[in-house]
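Here is how the chains run, residue by residue.
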Amino acid sequence: MSSTTVALTELIAALGGDLLGGSEVRIARIAPLDEADGDCISFLANPRYQAQLGTTRAGCVIVAPAFAEAAAARGAAIVTPDPYLYFARLTQWWAARTRPAASVGVHPSAIVSPEATLGRDVEIGPLAVVEAGAVIGDRARIGAHCVVERDAQVGEGTRLAPRVVLGYGCRIGARGLVHSGVVIGADGFGLAPSKQGYVKIEQLGNVSIGDDVEIGANTCIDRGALADTVIEDGVKLDNLIQIAHNVHIGKNTAMAGCAAVAGSTRIGANCTIGGAANIIGHLTLVDGVHISAATTVTRSIAEPGVYSGPHPFEENSSWQKNAATLRQLHTLRERVRALEKK
Amino acid sequence: MSSTTVALTELIAALGGDLLGGSEVRIARIAPLDEADGDCISFLANPRYQAQLGTTRAGCVIVAPAFAEAAAARGAAIVTPDPYLYFARLTQWWAARTRPAASVGVHPSAIVSPEATLGRDVEIGPLAVVEAGAVIGDRARIGAHCVVERDAQVGEGTRLAPRVVLGYGCRIGARGLVHSGVVIGADGFGLAPSKQGYVKIEQLGNVSIGDDVEIGANTCIDRGALADTVIEDGVKLDNLIQIAHNVHIGKNTAMAGCAAVAGSTRIGANCTIGGAANIIGHLTLVDGVHISAATTVTRSIAEPGVYSGPHPFEENSSWQKNAATLRQLHTLRERVRALEKK
Amino acid sequence: MSSTTVALTELIAALGGDLLGGSEVRIARIAPLDEADGDCISFLANPRYQAQLGTTRAGCVIVAPAFAEAAAARGAAIVTPDPYLYFARLTQWWAARTRPAASVGVHPSAIVSPEATLGRDVEIGPLAVVEAGAVIGDRARIGAHCVVERDAQVGEGTRLAPRVVLGYGCRIGARGLVHSGVVIGADGFGLAPSKQGYVKIEQLGNVSIGDDVEIGANTCIDRGALADTVIEDGVKLDNLIQIAHNVHIGKNTAMAGCAAVAGSTRIGANCTIGGAANIIGHLTLVDGVHISAATTVTRSIAEPGVYSGPHPFEENSSWQKNAATLRQLHTLRERVRALEKK
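Everything numeric in this text was worked out from a predicted model, so none of it was measured.

A. Geometry of the environment of B:Thr229. Residues and elements named next belong to chain B. Mapped onto the secondary structure, Thr229 falls in strand E27 (residues 229–231). Discounting chain neighbours no more than four positions away, the residues touching Thr229 are Asn206, Val207, Ser208, Ile221, Asp222, Arg223, Gly224, Ile243, Ala244, His245, Asn246 and Val247. At 2.7 Å, the side chain of Thr229 forms a polar contact with the backbone oxygen of Asp222. A distance of 2.8 Å separates a polar atom in the side chain of Thr229 from the backbone nitrogen of Asn246.

B. Just the domain arrangement of chain A, in detail. Under the domain assignment used here, chain A contains domain 1 (6–98), domain 2 (106–167), domain 3 (182–310) and domain 4 (316–342). For domain 1 of chain A and domain 2 of chain A, the distance between their C-alpha centroids amounts to 39 Å.

C. Representation of the interface of chain B and chain A in the model. Taken together, the 68 residues of chain B in the interface contact 70 residues of chain A. Summing both sides of the interface, chain B and chain A together bury roughly 5700 Å²; the carbon and sulfur share of this comes to 65%. At the boundary of chain B and chain A, one finds three salt bridges. Between A:Glu202 and B:Arg99 there is a salt bridge; the shortest N-O distance is 2.9 Å. When residues of the side of chain B that touches chain A are traced back to their parent elements, those giving at least two are helix H3 (83–98), strand E28 (236–237), strand E31 (254–255), strand E40 (314–315), helix H4 (316–326) and helix H5 (329–341) of chain B. Here the side of chain B that touches chain A is built from residues that sort into 36 nonpolar, 17 polar and 15 charged. Pairing analysis gives two bridges linking strand E39 (residues 305–308) of chain A to E40(B), with the strands arranged antiparallel.

D. Local environment of the pattern of salt bridges. Here the structure, examined in full by the defined rule, presents 33 salt bridges over all chains. The partner of B:Arg29 in a salt bridge is B:Asp37, with the nearest N and O atoms 3.6 Å apart. Among the salt bridges present, the one from C:Asp138 reaches C:Arg120, with a minimum N-O distance of 3.0 Å. With C:Asp138 in the loop between strand E13 (135–136) and strand E14 (141–142) and C:Arg120 in the loop between strand E10 (117–118) and strand E11 (123–124), the pair connects residues that are 18 residues apart, well separated along the chain. Residue class for C:Asp138 comes out buried when judged on its relative accessible area of 16%.

E. Up close: the relation of the copies chain C and chain A. Mapping chain C onto chain A leaves a residual RMSD of 0.0 Å; the transformation is a rotation of 120° accompanied by 0.0 Å of translation along its axis. Overall, the copies show the geometry of a three-fold rotation axis. Using C-alpha coordinates, one finds that chain C approaches the rotation axis most closely at C:His311, a distance of 3.4 Å.

F. Quick peek at empty space enclosed by the protein. This model, assessed by the stated rule, comprises two cavities of 30 Å³ or more. Empty space within the largest cavity amounts to approximately 570 Å³. Surrounding the largest cavity, 37 residues form its lining, A:Ala276, B:Ala276, B:Asn278, C:Ala276 and C:Asn278 being those nearest its centre. The class makeup of the residues in the lining of the largest cavity is 22 nonpolar, 15 polar and no charged. As a volume, the second largest cavity reaches approximately 30 Å³.

G. The arrangement of the sheet that holds strand E27 (residues 229–231) of chain A in detail. Residues and elements named next belong to chain A. Strand order in the open sheet formed by nine strands is E10-E13-E16-E19-E24-E27-E30-E33-E36, with parallel pairing between adjacent strands. For this open sheet the edge positions go to strand E10 (117–118) and strand E36 (284–285), each flanked by a neighbour on one side alone. The sheet contact formed by strand E16 (residues 153–154) and strand E19 (residues 171–172) spans two bridges and is parallel. Directly across from Val154, in E19, lies its bridge partner Ile172.

Procedures and definitions
- Residues numbered from 1 in each chain as written.
- Chains lettered and ligands numbered in written order.
- Predicted model: local features only at pLDDT ≥ 70, side-chain atom pairs only at ≥ 80, totals over all residues.
- Heavy atoms only, no water.
- Helix = DSSP H or I, 4+ residues; strand = E, 2+ residues; numbered from the N terminus.
- Contact = heavy atoms within 4.5 Å.
- Polar contact = N/O pair within 3.5 Å; in protein donor to acceptor, adjacent residues only side chain to side chain.
- Domains from an automatic or database assignment.
- Buried area = accessible area lost by both parts, 1.4 Å probe.
- Salt bridge = Lys/Arg side-chain N within 4 Å of Asp/Glu carboxyl O.
- Nonpolar A, V, L, I, M, F, W, Y, C, P; charged D, E, K, R; others polar.
- Pairing = 2+ DSSP bridges.
- Buried < 20%, exposed > 50% of the residue type's maximum accessible area, 1.4 Å probe, protein only.
- Least-squares fit on C-alpha atoms with pLDDT ≥ 70 in both.
- 1 Å grid on protein atoms, 1.4 Å probe; cavity = no way out; pocket = protein on both sides within 12 Å on 5 of 7 lines; lining within 4 Å.
- Points joined across faces, edges and corners; volume = space filled by probe spheres on them.

Encoded structure:
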C-alpha cells in the first residue's frame, strides 16, 4: 500500500458524507475499531460494537446519524446513512489510489489468435492463451496463464485473475471479477449407464454469466448438457464452489465458500447460501431463501425464509451417546406412543 | 455448434434405431421434451415424463418400444430399447460433428523434453510442459498449460484439458478425460508428530489410473505413501473431489461433486457416491454400495445397498428447537426408559 | 525410484537406531508389514498390528524397545523410541536418495521481472511468472506455471509445486511446501448490501504464512479485508481447504482435506481439524482442540478436547424413518415431559 496519507477532506470530496471535526486529520490506514491507531479511519456498522466508540483510538470513525454525537465527542467523524456501504466504497477508493495501474496491452509472451477480437485498452497478461473467435471487451483484463477458449466472451471491464479457464462458447458479462483457479465450462457430469459401463453424455450447452458477477478461487461452473448453465447479474460466488450443469442462479444471490449445487437446480434471486451448504439436483428455491452454513437441502423451497440443517456438534463422548440414540429415534417415538396409550 | 441441420435418416444411419415417420424431418438441436421446438430431437427416458409426449413440440422423440405408438401418433419417433443410452450416443455423434477437429502436433510454445516419448498424432497445446521420461500415447491430447512431470504416462486417446498437472511417475490409461485444474499426484497428507512439530512422511508411491476414466475440474488425487493410489477402469469422478493417498476405487464407480475419500479407504466396483458425501479413512466399502449425497460414512460397509445420512434441514426456528433437543437425546431415551419401568 | 538397494548399516549410519542382526541385509523398498517382501523394510508403530510381526516377510522391521525381542526373533530389526517418527525420517532420506536433484537456475521460458530479487541457488521453473518486487529466498524452488505476484515473498528453501498463485504482497516463510493449484491471496468474500446489489469491499490485507508450512493441492487462502490472514509456523493443510479472510491458524495445527474455515475465525495451536469439517465465522477455538471429520462447528470452543458432530449414516430405509422423526424431536420431548407429569 502507498505510504502517503490522505486528508479527511480529500476523502469526503471523493466519497461524500458529513465530516464532523477533523479537517486537519490525515489517514494512513483503514482498521477495525479495536485495532485502529490515530492515523486510522474506522467504522461502526453494527450497533453491537457501539461500546468500542468509547475506547477506539481511531483518528476518524464512520457512523450513522444516531451515533454522530457520540462519535464527534471523541474525535473526527464521518456521518452517513449506511456506514458499512460507505466503508465498502472507501475500500474501493483506497485500492484505486494505492494499487498499481493496470498495464494495458498484450504481453509479448501471450498467445492470442489472430481470429480473436480484442476491445480497446485490454490487458492480456504473460503466457495467457486466447483462442480463435474469442471476444475480449473494452478494458477487460486477462491475467497471466489464463486460457480463453474459442468463441468465449469476456465483457467490458471484467478481470480474470491469473490462471482462469473460460471454456469454449462460454461468456461472462461486464464488470466481473474471476479469481485464480476458476474453471468455467468444464463438462457437466452426464453419464448413461450401459452394460459396458458408463457412456458419456457430451455436454453441448455453455455457461452464461451476467454482469457484475464475482467468482472465488478454484470455483467450478460446468457447462450445460443441452441448454446453458446460467448465472444472473450481480451473483457473488466465494471459493471452491461447485455449480453443476444446468443450474440457474438468480440475480444478486450470494454463496459462501465450499457450497455446492447439483444439476438442474434453480435458485432464485436475492438468496444467500451459507458456506459448505449443498443443494441436491432438480430442486427449485424461490427468491429470498437463506440457507445456513453446512445445510443439506433435499427438497424444493417454496417460501422465502431462513432454512437450517447442520447436525449439532458436541464434546465427543456426549456426541457418541446422542448419535447412537439417534439411530433408534423412530423406535423411541414408538415407545413414547405406547406409553401415551396406557 | 454447427448451424446446419441433420436429416433423421442420416442420424439413424449412424446410430441405429427404428425410425417411425419423419423421413423428411431435419434436426437442428437436441432439447428436453418441454423445451423442444419442431427442429429439435428429444427423448423420453423416464416414464415419469410420459405426459410430455402429448405436449412436446419436438420434431422427433426417442422412445422405448412401450411408447412407440404414443410417440408416432404425434410425429416422428426413433424406437430403441434404451432411449437414455441412445441419447448419450447421439450427444457424442453430435459433438463429433460440430466441434472443431483436434489440431495435431506440438505447439511451438510447448516445452517438451527431448527425453519424453510422444506417440503418433498427439496434440501438445500451447505452453504445456512435458518432462523427461514422460510417455504420451497415440492420439493423446495435452491441453494448454498442462504439466506432465517426469516419467508420467498418458494412455492412447486420453485428453487432458487445459491446465492439468500429472505428477511424476503417475499414469492414466486410454480414452480418459481429465478436466481443467485437476491435480494428480500431489503428496498425500502424511505426518509424524514429534516434539518439534510434525515431520513430513515423504510420499513414495504414485497414482495409477485405469482406462476410460473421467476426472472433473479441480479434483485432486494424491500419490500413495508407499504403494500407489489406484483408480480402476471406468471410474467417473466429478468436480472438486478429494481422493487421499492409497485410496482404491473399484471399476465403474461414479462419484459426484465435492465428495471426499480419506486415506487408505477402499471402495468397491459399481458404487455411486453422492455429491458432498465423505468417507473417512481406512474403511472398506464392498461392490454395489450407493451413498446418498452429503452422507458421512464412518464405518465399513459389508453389504451392497443404499446408505444415507444427511441431517434433515428445516425452517430455521424449527431446526433450532430440534437441534437443541438432539443434544439431550440420550437423556430423553433414559427418561422414556424410566417411564416404561413405572 | 532408484533400482539400487541399500544396506541396513548404511541406513543406520544416516538415521541412527539400534540394529539387531541383519548386517548383511539390503533393502529395495519401504512397505507396510502385510505387503512387505524380504527386500523391504517395514515398521510397527501401532501396537494394534503387533500380530503382523509374526507373519510379515519384511527383511527388517523398525520397532520400539518393547518389541525388540519379538522382532529380532524373526529377522533383522531397528530399535528406536518412536518407530513412526523413524519411518518418517526414513522416507525423507529415501526420497533424497532416489529423486532427481533440483535443477538450479531460471528456466529460459520463465518471465522474471528485473525488479524481482532472487536468492542464491533458486530454481524458477518453465513458464513461471515472477513480478516486480517479489523476493525469492535462497534455494527456493518455484515450479512451472507458478505466478508470484508483485511484492510477494517466498522464504528460504520453500518449494512451490507447479501452478501455484502467490498473490501480491503475500508471503510464506522458510522450508514450506505448496502443492499444485493452491491460490494464496485471492480476495476475501467481502460484500456490503445496497439497493443496487452488493458493493465489493476491496480486500486490503495480505496473507502471512510462517515457516515449515505445507499446503495441499487446490487449497485456497484468502487475503484479509484490512489486516492479514495468518497461518503460523508448522501448520499443515491438506487439499481443497478453504481458509477465508482474516482467519488465524495457530502453530502446528493440522487440517485434513476439504475442511473449511469461515472469515475471522481464530484456531489455536496444536489443533487437528478433520476432513470435511467446517467452522463458521467469527469463532475462537483454543489450543489443543480436535474436531472430528465432517463436524460443523457453530460456537467457540473454550476447552481443549475432542469435539464431534457428523450425523450418523444408516441403511437408507432406516435413515428415512429416523430423519423424519428428527423433525418432531422437540415435540417428542414435550410428550415425554407430559407423560412424566402424570
